[in-house]
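Structural features, examined
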Amino acid sequence: MRALSLIFGLAVLQITTLSVRAAETSDYRLKYDTAVVDQIDLLIRQSWEDNEVSPSEAADDITWLRRVYLDTVGHIPPLSVVEEFIKNKDSNKYQQAVDEMLDGDSYVNNWTTIWTNLLIGRQTPDRTSRDGMQKFLREAFAKNRPWDDVVYDILTAEGHFEENGAVNYLLSQMTMRDEGVQATAKTTRLFLGTQVQCTQCHNHPFNDWKQSQFWEFNSFFRNARRVDHDKIDPNTGQEVDDYSELTTNDFSGPVFFEKRSGLMQVAYPKYFGNDVEFDNGKSRQKILADAIVADGDHQMARAMVNRMWGHFFGYGFTRPVDDMGPHNPASHPMLLEYLTESFVASDYDMKMLVRWITSSEAYRLSSEFNTKNEIDNPAAGEMPLFSHMYIKSMEAEQLFDSLMVASNASGMNRANYAQAMRQRNQWLQQFVTTFGTDENDESTTFNGSIPQALMMMNGELVDTAVKCDPGTLLHQVVSAEEKDSKKVQLLYLAALGRNPSGRDLAAVKKLMQISGNPISAYQDLYWALLNSNEFIFVR
Amino acid sequence: MSIIQPENMDRRHFMRHVAASSAMTIPAFHFLNHLSANAAEVRKNQKACVLVWLGGGPPTIDMWDLKPGSKNGGEFKPISTAGDLQISEHMPKIAKQMDSLSVVRSMSTREADHTRGRYYMHTAYVPNPTVIHPSFGSVVSHSLAPQRKSLEIPSFVSVGGGAGSAGFLGMTHAPFVVDSNGQIRNVDSGGTDKRRLEQRLAMWDVVESGFINSDRGDLPQAHKDVYRKAVNLMTSPQMDAFKVAQEDPKIQEAYGNNNFGRGMLMARRLIEVGVPFIEVNLGGWDLHNDVFNTLSNQRLPTLDQGIAALTQDLKSRGMLDDVVIVCMGEFGRTPRINQNVGRDHWASSWSLMIGGGGLNGGVAVGQTDKDGVGIESQSYLPGDIWATVSKAMGIPLNIVHTSKRGRPMKIANGGTPIEELVG
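Computed from a predicted structure; not experimentally measured.

Residue and element names in this part refer to chain B. With respect to the element layout, Val400 can be found in strand 13 (residues 400-402). Judged by relative accessible area, which is 46%, Val400 ranks as partly exposed. Each C-alpha atom, one on Val400 and one on Gly414, is 9.2 Å from the other, the two residues being 14 residues apart in sequence.

This is the structure we're talking about:
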């Protein structure tokens, strides 16, 4: 427990709550709602049978721990946590580990990062407050606010971009005077898992969306008004950016758009073609948010369930996760519907959704193929059957945070968290290219290509991790009163979350012999581990 | 064993070697033995392609296919050129080179969304959820890299990013993204000497291979292949090709003192060491507002200088017949001018520029109607453009790639070289 409190930077209070919870083991049944997990397992098993595949074996404990850490809190587990987990013989240790993560700061940090990137991108658009956006999201994830409330706030927010951080989503979509076109496309994709951007100009060739629907949806965003405030810089006398805010204008008319034939058409606010209730004085965004929340089909919940499943398994029920609809049938429609209903019934409980997914049988499976599930290969374009785990490459943020954990003897501590985040943002920019379009879309070179390999081999992060300065994990391990074999084992556990194989040990022995200096041999070993494919893949 | 895989050894064969040389005996690491011997030798007549990518979607009606007298015509006038066609008055330098360059005026490409259009124009395939198609630069890399044994740097270079991905052809054919300043980050191994780096890589190779052999699909091997390329790059004198600042100041000036100019000059330097495909990104064409001022004051002068300088420079070095230049974005823009004096996305009738590489110059291929909204000739798809490029580069059009799922994919999506350009 002590180790965990260190990484989350929490004090004694945290430890107490954890031990109280550990005592109430009977609570888990209720809390985990095993009926939901059982049903997930049943439906997944059904798909294995239907497709005549056999699942791979379960991953070993520490492989699972590494996976669930990376997926849930965004970094590898600290060495002390790994050691603790190996020793722990409690049959509830898996749920305990997940609960501890869900209660910690790293969970909040991780999901704040993920959603900030989704909502406003890795490069902050002009006159948008990243800090404001993050503040809003931190609170939402820390309090585990129901997802429908979070979405409602994001879509209906008004005010100063630091005082009400939720406004930054729409502000970031309104950097061009594009009459809410981008906000329309992005909102349907992010929150409703539906891609409509093509229907701006014509009826969709593959899905049911019509051009008129795009503009009906668009008309919900016409009340939103971005106001940018400038100020005079006293030093230069120049006008500079002050703050921005989101307010409403008095737009109340219909929206006009041009058909391909050149005919002008008119569109009124409608939600997926259905009329919405107008209420005097209510903004168009509020009308939209009300319609999304009241939607009896629960598309918002379905979209989130699909996205979350995709996050944990590497593949969602549709590919991509944000392009759902009759034109792109789900791989596991019954499971998707079941999870959607359960998520709604839980009052959009994000943490509960994480518990269900990470407790499932499929999530425990090894990422190695066996002879009876070779066809389950979505990387080759096949439909995912979830009969083994799919490996996924770490995201840039996961890599940065994991290298922090691998570098520091104390894991990530909260005292320097803000500083670490600033460093991380700066470091990230080397990988981001923006296309400079109205969509603010970005691409990344953190995609397994050469710049990433060069960064790992020669960059500052790994260099710091292998420096062996006091305070580093490497220094702690190397200077401990332990046998060499134990030190090697600890470095493998720290970097890869596994014990060294015989082949590994033989290579390490050779390295020690040719190195002459034991410290440089350990440095070289740690460099090799951190640069390996096994490190950068979530497996 | 070396992580530098011998070119003539296939992967399975290579893996047997890896397996055979057990970790018990790590031989001295042959790390830098591939170099220098033939690096300086530049083969003549090596084919290459430079793709000038106008990200955001250029208003080609104001550039290559002007409509004077139409309600859609806008503010610019056409001017005569050294070729048999007129182009915008704001590209006077290109106009002088138009005897070597041509314009296709009847592109019709259906995808008017940035992401989809970018994908379609780069790959010749529309996006499909179950397969990722390679950008054409990756196709060229895949076809020509094996013949260019002395090339130590990546065979697909993207100056400024946005060049898509190698898709099912694998990460070793992915675009190598660089800045136009020529500084490659982290390419220097700092204080780590060669011997130490070799020791590290020997240890690394054991872990790396162990994971590859654990049956988790293709990604672990791709990781190793990319590291192999990265190590090659760290030690190659060909990296000097990125250092545009080493060029004669007069030539630098001719290309323009801006990122695009430097990117175009870098392209020429990369072609000289044997890189077959370079994409140079010039963004900022998503001109929903204020299209005419932005074009005449900013975009077109930069583009004009860069393309004209490259064309002229290649010509004077006797290289133009071997180098195809293509200039396009993800789509064109609406003939109709909107209320913000801008043009919106438009894919059904637009133009691109293509020339060099032995293609016919000074030609306007295809035509649009008087308002630019419809096509009055044969129309062309991206596959036709890439088939034309393939033909110019000597890449056979009967190549069929196989996706990971075993699906056959014709090169350039089965497009046909454009008769007026190759005939």
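Counting from both sides, the interface comprises 66 residues of chain A and, opposite them, 64 residues of chain B. Interface of chain A and chain B: buried area, both sides summed, is about 5900 Å²; carbon and sulfur atoms make up 58% of it. When residues of chain A are sorted by the area they lose upon contact with chain B, A:Ile450, A:Arg503 and A:Asn533 head the list and together hold 11% of the total. On inspection of chain A and its partner chain B, the count reaches 3 salt bridges. Between A:Asp524 and B:Arg196 there is a salt bridge whose closest N-O contact spans 2.9 Å. Breaking the side of chain A that touches chain B down by element, the ones donating at least two residues are helix 21 (450-458), helix 24 (484-496), helix 25 (502-515), helix 26 (518-531) and helix 27 (533-536) of chain A. With 9 residues, the single largest contributor to the side of chain A that touches chain B is helix 25 of chain A.

Let us now look at the sheet that holds strand 1 (residues 159-160) of chain A. Adjacent strands of a sheet pair through backbone hydrogen bonds, lying either parallel or antiparallel. Residue and element names in this part refer to chain A. The strand order across the open sheet formed by 3 strands is 1-3-2, and the pairing between neighbours is antiparallel. This sheet does not close on itself; its edge strands, each paired only once, are strand 1 and strand 2 (224-232). Bridge analysis of strand 1 against strand 3 (residues 239-248) gives 2 bridges, and the strand direction is antiparallel. When the bridges of strand 3 are listed, His160 appears paired with Glu245.

Moving on: the nonpolar core. Most often, soluble globular proteins have nonpolar side chains that are buried together. Core analysis: the biggest nonpolar cluster contains 221 residues, and A:Trp147, A:Tyr526 and B:Leu303 have the highest contact counts within it. With 10 residues, the top contributor of residues to this core is helix 9 (residues 291-316) of chain B. B:Leu303 has contacts with B:Val52, B:Leu54, B:Met63, B:Met91, B:Ile94, B:Phe260, B:Leu282, B:Trp285 and B:Cys327, leaving out every residue within four places of it along the chain. Listed in part, the 39 residues of the second largest apolar core include B:Phe136, B:Val389, B:Met393 and B:Ile418.

A pair can form between side chains of opposite charge whenever their charged atoms are brought close. Using the criterion set out here, one finds 45 salt bridges over all chains in the structure. When salt bridges that share partners are traced, they join B:Glu247, B:Arg268, B:Arg269, B:Glu272, B:Asp313 and B:Arg317 into one network.

On to the domain arrangement of chain A. Size of an interface: often given as the accessible area lost when the parts come together. All names here are of chain A. Its domain assignment divides chain A into domain 1 (2-103 + 333-388), domain 2 (127-294) and domain 3 (396-538). Tallying the contact residues gives 6 residues for domain 1 and 7 residues for domain 2. Taking both sides of the interface into account, the surface hidden between domain 1 and domain 2 amounts to around 570 Å²; carbon and sulfur atoms contribute 58%. It is Tyr348, Met350 and Lys351 that lose the most area in domain 1 upon contact with domain 2, and together they represent 76% of the buried surface on that side.

Moving on: the domain arrangement of chain B. All names here are of chain B. We note that the domain assignment places domain 1 (43-182 + 248-422) and domain 2 (186-242) within chain B. With 16 residues of domain 1 at the contact, the number on the domain 2 side is 14 residues. When residues of domain 1 are sorted by the area they lose upon contact with domain 2, Glu152, Ile153 and Thr172 head the list and together hold 41% of the total. Inspection of the region where domain 1 meets domain 2 yields 0 salt bridges. Our enumeration of links across domain 1 and domain 2 arrives at 6 residue pairs in polar contact (both at pLDDT 80 or more). Contributions of two or more residues to the side of domain 1 that touches domain 2 are made by strand 6 (176-178) and helix 8 (259-273). Among the elements that make up the side of domain 1 that touches domain 2, the one with the highest residue count is helix 8 (4 residues).

It is worth spelling out the pairing of strand 8 (residues 323-328) of chain B at this point. All names here are of chain B. Of all 6 residues that make up strand 8, 6 are buried, and the element is covered over most of its length. Where burial is concerned, the two faces of strand 8 agree: the one with Val323, Ile325 and Cys327 and the one with Val324, Val326 and Met328 are both buried. The pairing of strand 1 (residues 48-54) with strand 8 spans 6 bridges and is classified as parallel. Looking at the pairing, Trp53 lines up with Met328 of strand 8. Bridge count for strand 8 against strand 11 (residues 350-356) is 4 bridges, and the pairing is antiparallel. Bridge assignment links Ile325 to a residue of strand 11, and that residue is Gly355.

What follows covers helix 24 of chain A. Residue and element names in this part refer to chain A. For helix 24, built from 13 residues, the straight-helix expectation of 18 Å at 1.5 Å per residue is met to within 8% by its first-to-last C-alpha distance of 18 Å. Residues of helix 24 that are buried: Lys487, Val488, Leu490, Leu491, Tyr492, Leu493, Ala494, Ala495 and Leu496. Note on helix 24: the residue one or two positions beyond its end, Gly497, has a positive phi of about 65°.

Attention shifts here to the packing of aromatic side chains. Residues and elements named next belong to chain A. All chains considered together, the criterion is met by 36 aromatic pairs over all chains. Between Phe343 and Tyr348 the ring centres are 5.3 Å apart and the planes differ by 65°, which places this aromatic pair in the edge-to-face class. Looking at Phe343, the relative accessible area reads 0%, which means it is buried. Residue Tyr348 is classed as buried on the basis of its relative accessible area, which comes to 6%. An aromatic cluster is defined as three or more aromatic residues linked by ring pairs; in this entry it consists of Tyr107, Trp111, Trp309, Phe312, Phe313, Tyr315, Phe317, Tyr363, Phe386 and Tyr390. Directly above the aromatic system of Tyr363 lies the positively charged group of Arg67, at a separation of 5.8 Å from the ring centroid. Of note, Arg364 hangs over the ring of Tyr94, and the distance from its end group to the ring centre comes to 4.4 Å.

Now for a nonpolar patch on the surface. Residues and elements named next belong to chain A. The grouping of Phe256, Met264, Val266 and Tyr268 at the surface amounts to a nonpolar patch, some 430 Å² of accessible area in total. Checked against the element boundaries, Val266 lands in strand 5 (residues 264-267). Judged by its relative accessible area of 37%, Val266 is partly exposed.

Parameters and conventions
Residues numbered from 1 in each chain as written. Chains lettered and ligands numbered in written order. Predicted model: local features only at pLDDT ≥ 70, side-chain atom pairs only at ≥ 80, totals over all residues. Heavy atoms only, no water. Helix = DSSP H or I, 4+ residues; strand = E, 2+ residues; numbered from the N terminus. Buried < 20%, exposed > 50% of the residue type's maximum accessible area, 1.4 Å probe, protein only. Contact = heavy atoms within 4.5 Å. Buried area = accessible area lost by both parts, 1.4 Å probe. Salt bridge = Lys/Arg side-chain N within 4 Å of Asp/Glu carboxyl O. Pairing = 2+ DSSP bridges. Core = buried A, V, L, I, M, F, W, Y, C linked by side-chain atoms within 4.5 Å. Domains from an automatic or database assignment. Polar contact = N/O pair within 3.5 Å; in protein donor to acceptor, adjacent residues only side chain to side chain. Expected span 1.5 Å × (residues − 1). Phe/Tyr/Trp six-rings, centres within 6.5 Å; stacked < 30°, edge-to-face > 60°. Lys NZ or Arg CZ within 6 Å of the ring centre and 35° of its normal. Patch = residues over 30% accessible without salt bridge, like charges linked within 9 Å, V, L, I, M, F, W, Y side chains within 5 Å. Areas by Shrake-Rupley, 256 points an atom, 1.4 Å probe, with all protein chains shown as cover.

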